[in-house]
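Here is how the chains run, residue by residue.
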Amino acid sequence: MDINLIKRLIKIVEQSQITDLSVQEGELRVRISKNSNSASQLKYQTVHELQPSSIQMPAQAGEPVRDTKTAGKEVHADNIHEIRSPIVGTFYRAPAPDADPYVQVGDVISPGMVLCIVEAMKLMNEIESDVSGKIVKILVENATPVEYNQPLFLVEKT
Amino acid sequence: MKSEARLFNIEEFDIKLDTEFLGRNFVYCDEVESTNKLLLESKEFNQNGTVILAEFQSGGRGRKNRQWVSNSGQNLTFSILLKDFTHGKKINLFNLAASLAVAHSIENLYQLKVELKWPNDVLIKNKKAAGILLESISKGNKIEKLVVGIGVNVNQTNFQNKFDISPTSIRKEFKEIVSRERLLSEILNNYESLLKVIKYEPEKILTDWKAKCKMIGEKVKITDYTSVKYGIFDDIDQNGFLILKTGDKFEKIHFGDVSLR
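If you're wondering where the values come from, they're calculated on a predicted model, not measured in any experiment.

Caption draft 1: Region of interest: the sheet that holds strand 10 (residues 133-138) of chain A. All names here are of chain A. Pairing in this open sheet of four strands is antiparallel, and the strands run 5-12-10-7 from one edge to the other. The sheet is open, and its two edges are formed by strand 5 (80-84) and strand 7 (108-109), each paired on a single side. As defined by bridge partners, strand 10 adjoins strand 12 (residues 151-157) across five bridges and the pair is classed as antiparallel. Across the sheet, residue K134 finds its bridge partner in strand 12, namely E156.

Right, here's the structure in full:
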């Protein structure tokens, strides 16, 4: 099997919520899995078998297994941290409609920096970062509703 | 009117305060920018239940950074710091309970009929007697501090600015100057009792709040930053959000100014 194909498959698993992926080509089967017990650490193994299956998607695929310590914290690759909404409300990236956003993708952040506001019923909740890192993705559009514990930002930890 | 303003008598307040933790750390300021801001940002005033009362707020705020105007020495503008609560799912109950605490206190002490407007305005004869703004800080998804800012029009009789809802004061409705000290202690006593209700019997907050809101079932207009919505104020859900019924559709409203159509 082409090493580049394996690398691409690893990337697909890394960027998705799939925890386990097996691919077979001829006699070679490759299994890529994210180890949920060690905070989604990515690993892969090759297995020589003669089973005729092509791609296996285990039952738990798409539903990452988390232990209680990591639940709500880490679901992606090891150094990607999710910042989630503590309340139900409306998500705002800026302190006022005409103000600049608190943060943009690519910004380097540190613990205590304000990232956004979630408003609900005359409660303005400022969400501060709890990690140091870089914002890699903002998952919610400005001024849209968010649910309790919904992921808002992906942060690459440093 | 200035001659009627007088300093807050902490002893008089303390005698009537019957709480375990609310107001046990009490800070009285002549002037601050905002009592909410001070509690949110201060490392010095960090004890659960701390109350900061200011005679004058140079930057008093309401929702959307609206100005909160209050004459020095005549009203109550204060903030309560809460640090000990379970999680974000119940947070709106702290909000509804604050308006209930103010309503109960005004009813108990002055026998005035008080109504509530979603989410937490306190009205006497359809005029606004108190407003509440909550601010919180969370680190990641954990709420660390919740600050409940309450402004009550107590002894002020002239309101010269322009307001969305006509203001009134307890003095205007009760026809007498009232004790700010007694009122503040009563609000804190009631709020602490309601905090226990949130813990053990949360649905009671919703029931009690609904009993005081006369807009439920009425045709309403909801204005937020960018849009206006019309419908029937059907109910509030378990989180306190307004359920707006438009035709056969139900929509959950997180915030906005509600008025009767």
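So much for the structure itself; the text now carries on.
Caption draft 2: A look at the pattern of salt bridges. All names here are of chain B. One pass over the full model with this rule turns up 17 salt bridges over all chains. A salt bridge links E107 to K212; its shortest N-O distance comes to 2.9 Å. Highlighted residues: E107 in helix 3 (residues 91-110) and K212 in the loop between helix 6 (202-211) and strand 8 (219-223), separated in sequence by 105 residues. By relative accessible area, E107 is classed as partly exposed at 21%. The class of K212 is buried, set by a relative accessible area of 16%.

Caption draft 3: Representation of the environment of K252(B) within the structure. Relative to the assigned elements, K252(B) resides in strand 11 (residues 249-253). Overall, K252(B) belongs to the partly exposed group, its relative accessible area being 32%. Setting aside residues no more than four positions away along its own chain, K252(B) makes contact with V88(A), E147(A), D237(B), F241(B) and L242(B).

Calculation criteria
- Residues numbered from 1 in each chain as written.
- Chains lettered and ligands numbered in written order.
- Predicted model: local features only at pLDDT ≥ 70, side-chain atom pairs only at ≥ 80, totals over all residues.
- Heavy atoms only, no water.
- Pairing = 2+ DSSP bridges.
- Helix = DSSP H or I, 4+ residues; strand = E, 2+ residues; numbered from the N terminus.
- Salt bridge = Lys/Arg side-chain N within 4 Å of Asp/Glu carboxyl O.
- Buried < 20%, exposed > 50% of the residue type's maximum accessible area, 1.4 Å probe, protein only.
- Contact = heavy atoms within 4.5 Å.

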